[in-house]
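Chain and residue survey
Residues per chain, in single letters:
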Amino acid sequence: MGSEVVMVDEVPFPSQVTTSKPLSLLGHGITDIEIHFLQIKFTAIGVYIDPEVVGHLQQWKGKPGNHLAEDDDFFDALIAAPVEKFIRIVVIKEIKGSQYGVQLESAVRDRLAADDKYEEEEEEALEKIVEFFRSKYLKKDSVITYHFSVSPAAAEIVFSTEGKEEAKMKVENKNVVEMIKKWYLDGTRGVSATTISSLANNLSAHLSK
């Protein structure tokens, strides 16, 4: 089972990753932009979640995937569910780490500000993440992973690229951790509609078992 691979836009993703326990690939997709009818793909995304998450989503049992994809309450419950989550991002179009860091910073800061949670501690935690990415170069096939633990609510960010040692950092500010999760998993407000649609369809199938 562990050796199976799922292709996401020509990028291989293992069907399982093991952190403190095996997590299943429950959603995948890409981030992209369309300019003058030309699709530019930036990253491929795989979302791994403890299969026990289904127990926290029972009120959506029997709902079709296309319905869940539009239901932000469903994704709020998914984000809040006290299970391990792991997001693996593979770079398709190379960019500077500083550019990715700024994208993350503005997405997280806007969400914190909207919820009135953007204080000095959050600003400091975000600055450290931006600093972490500033010195990196995200060439094609580089990998960024976010491992979200349950207690304490923290995130470990790992960056790996060919020919260099892995770089890691830990984010312990729970508000910042929550908003990074939301950047990728926040239903209709998430950064990748294809990933949200894939998560909704797969979770719908799991919920109907």
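Per chain, residue numbering runs from 1 following the sequence as it is written. The predicted origin of the model limits local features to residues at a pLDDT of at least 70 and limits the giving and counting of side-chain atom pairs to 80 or more, whereas totals for whole chains, interfaces and linings rest on all residues. The basis for every side-chain value is the complete set of non-hydrogen atoms in the structure, without hydrogens or water.

Looking at an unreviewed UniProt entry, one finds the protein chain named Chalcone-flavonone isomerase family protein, with Hevea brasiliensis as its source organism.

**Quick look at the overall build of the protein chain**
Helix numbers and strand numbers start at the N terminus; a helix is a DSSP run of H or I with at least 4 residues, a strand a run of E with at least 2. Tallying secondary structure elements over the protein chain gives 6 helices and 11 strands in all. Restricting the calculation to C-alpha atoms gives the radius of gyration, and the globule rule supplies 2.2 Å times the number of residues raised to the power 0.38. What you see for the protein chain is a C-alpha radius of gyration of 16 Å, in line with the 17 Å of a compact globule of 209 residues. Think of it in three bands: residues with accessible area under 20% of the maximum for their type are buried, residues over 50% are exposed, and the middle band is partly exposed, with areas taken using a 1.4 Å probe on protein chains only. Within the span of the protein chain, comprising 209 residues, buried residues form 49% of the whole. Sequence separation of at least 24 residues holds for 64% of the intrachain contacts in the protein chain that already meet a minimum separation of 6. By element, 49% of the accessible surface of the protein chain is carried by carbon and sulfur atoms, the whole surface being about 10,700 Å². Only four residue types enter the tally: Lys and Arg on the positive side, Asp and Glu on the negative side, with His and both chain ends excluded. For the purpose of locating charges, the reference atoms are NZ of Lys, CZ of Arg, CG of Asp and CD of Glu. Between the centroid of the 24 positive side chains of the protein chain and the centroid of its 34 negative side chains there is a distance of 4 Å. Contacts: residue pairs with any heavy atoms within 4.5 Å of one another. Here the Shrake-Rupley method, with its probe set to 1.4 Å, supplies the accessible areas, and only the displayed protein chains count as covering residues.

**Looking at the sheet that holds strand β6 (residues 85-91)**
Read across the open sheet, the 7 strands follow the order β3-β4-β5-β6-β9-β10-β11; overall the sheet is antiparallel. Because the sheet does not close on itself, it has two edges, and the strands there are β3 (16-18) and β11 (167-171). Sheet twist, expressed as the average angle between the axes of neighbouring strands with direction ignored, equals 25°. In the sheet, β6 pairs with strand β9 (residues 143-148) via 6 bridges, with the strands oriented antiparallel. Pairing between two strands is assigned when DSSP locates at least 2 bridges connecting them. For helices, the axis comes from a line fit to the C-alpha atoms of the stretch in contact; other axes are also lines fit to C-alpha atoms, and the angle between any two N-to-C directions lies between 0 and 180 degrees.

**Brief notes about the UniProt feature "domain: Chalcone isomerase" (unreviewed entry) in the protein chain**
UniProt positions are given in the numbering used here, feature names are shortened, and annotations may be inferred rather than shown by experiment. Cross-referencing UniProt, the feature "domain: Chalcone isomerase" (unreviewed entry) maps to residues 8-205 in the present numbering. Spanning residues 8-205, this segment combines 36% helix with 31% strand, and its end C-alpha atoms are found 19 Å apart.

**Things to note about the pairing of β11**
Side-chain alternation along β11 places A167, M169 and V171 on a buried face and K168 and K170 on a face that remains uncovered. As judged from the 5 bridges shared by strand β10 (residues 155-160) and β11, these two strands associate in the antiparallel manner. Of the residues in β11, the one forming a bridge with E156 is K170.

**Quick notes on the side chain of T161**
In this fold, T161 is placed in the loop between β10 and β11. For this analysis, a polar contact is any N or O atom pair within 3.5 Å, provided that within protein one partner can donate a hydrogen and the other can accept it, and provided that sequence-adjacent residues contribute only side-chain to side-chain pairs. At 3.0 Å, the side chain of T161 and the side chain of S142 are in polar contact. Those residues in contact with T161, other than ones at most four positions away along the chain, are Y137, K139 and S142.

**Examining the environment of V177**
You can see V177 is positioned in helix α5 (residues 174-185). Once residues lying within four places of it in the same chain are set aside, the contact partners of V177 are F148, A153, A154, A155 and V171.

**As for unusual backbone geometry**
At the junction of S151 and P152, the peptide bond is cis and its omega measures out at 0° in the coordinates. Here P152 shows up in the loop between β9 and β10. The phi torsion at D9 lies on the positive side, around 50°, for a residue other than glycine. Within the secondary structure, D9 is located in the loop between β1 (5-8) and β2 (11-14).

**Quick look at the nonpolar core**
Residues grouped as a nonpolar core are buried Ala, Val, Leu, Ile, Met, Phe, Trp, Tyr and Cys residues, joined through side-chain atoms within 4.5 Å. Counting residues in each nonpolar core, the largest one holds 52 residues, and the members touching the most others are V53, Y100, I129 and Y146. Residues contacting V53, with those up to four places away along its chain left out, are L26, L78, A81, V83 and L203. Judged by nonpolar contacts, the second largest core, of 11 residues, contains V11, F13, V17 and Y48.

**Side note on the environment of V102**
Tracing the chain through its elements places V102 in helix α3 (residues 97-114). With 31 residues separating them along the chain, V102 and F133 place their C-alpha atoms 9.0 Å apart.

**Examining a negative patch on the surface**
The patch calculation keeps residues exceeding 30% relative accessible area without a salt bridge and links them within 9 Å when they carry like charges or within 5 Å when they are nonpolar (Val, Leu, Ile, Met, Phe, Trp, Tyr). One side-chain nitrogen of Lys or Arg within 4 Å of one carboxyl oxygen of Asp or Glu is enough to make a salt bridge. Together, D115, D116, E119, E120, E121, E123, E124 and E127 give the surface a local cluster of negative charge. Along the chain, E123 falls in helix α4 (residues 120-134).

**Some points on the pattern of salt bridges**
Summed over the entire model, instances satisfying the criterion amount to 12 salt bridges. One salt bridge in this structure joins R189 and D76, with 3.3 Å as the shortest N-O distance. You can see R189 sitting in the loop between α5 and α6 (193-207) and its partner D76 sitting in helix α2 (residues 72-80), a full 113 residues away along the chain. A relative accessible area of 42% means that R189 is categorised as partly exposed. Connected through salt bridges with shared partners, the residues D72, D76, R111, D186 and R189 form a single ionic network.

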